[in-house]
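A closer look at the structure
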Amino acid sequence: MEKIYSIQEVSRMLGIPKDTLRYYDRIGIVSPFREENQYRRYSKNDLIDLMNIQIMQYADFSLDEIKGKFGFHRMENVDPAYCQEVAAFLDEKNVETRKKIAHLQKVSQLLDVASETLRDFNHERDQRLAEIVHEIYQTIRKKETEIFEEGCHGHQS
């Protein structure tokens, strides 16, 4: 017989608060078996699903994305079309992630140069800081222009 786990045991093993486990059940992400007394009982597969959810949250997926795209299936029941849909979604998420990384690298570079400039203020460092600020500003303005143009094109007669 397969071992089943109480909500307390799962909370302790995975470091997920009991209220969070109850919430996951309420929204249908992980729905453990219920005994006659209505206590939740988690299977090994439920634990695996919960670990996957933790990993996906770490990867910056929202609960809505997790619930909408990752209806946890056992591999023997997976539709190939579903796999393609999820793969495309993951590709899009990866593009977003790489954009965030590029943005954060620019911010980090700006902060490095700003702190170096303030520690040892001179014309050369001040000029380099101004160049980076200008480059970031141009990137921001380009994004605003793209958003504005997309919005205008969508409203043309």
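Our subject in this report is the structure included herewith.

Calculation rules
Residues numbered from 1 in each chain as written. Predicted model: local features only at pLDDT ≥ 70, side-chain atom pairs only at ≥ 80, totals over all residues. Heavy atoms only, no water. Helix = DSSP H or I, 4+ residues; strand = E, 2+ residues; numbered from the N terminus. Buried < 20%, exposed > 50% of the residue type's maximum accessible area, 1.4 Å probe, protein only. Contact = heavy atoms within 4.5 Å. Areas by Shrake-Rupley, 256 points an atom, 1.4 Å probe, with all protein chains shown as cover. Pairing = 2+ DSSP bridges. Axes fitted to C-alpha atoms, helices over the stretch in contact; angles between N-to-C directions.

**Topic: the overall build of the protein chain**
- Scanning the protein chain from N- to C-terminus turns up six helices and three strands.
- Expressed as a percentage of the 157 residues in the protein chain, the buried residues total 22%.
- In the protein chain, once contacts between residues fewer than 6 apart in sequence are set aside, the share between residues at least 24 apart is 43%.
- As presented, the protein chain carries roughly 11900 Å² of accessible surface, and 54% of it is formed by carbon and sulfur atoms.

**What about the sheet that holds strand β2 (residues 33-34)?**
- Read from one edge to the other, the open sheet built from three strands follows the order β1-β3-β2, with strand pairing classed as antiparallel. The two strands at the open ends of the sheet, each matched to only one other strand, are β1 (5-6) and β2.
- Here β2 pairs with strand β3 (residues 40-42) via two bridges, running antiparallel. The residue bridging R34 from the neighbouring strand is R40, located in β3.
- Running over the sheet, helix α3 (residues 44-58) touches β1, β2 and β3 and is turned about 85° from β3.

Geometric descriptors of this kind do not, in isolation, establish any biological role.
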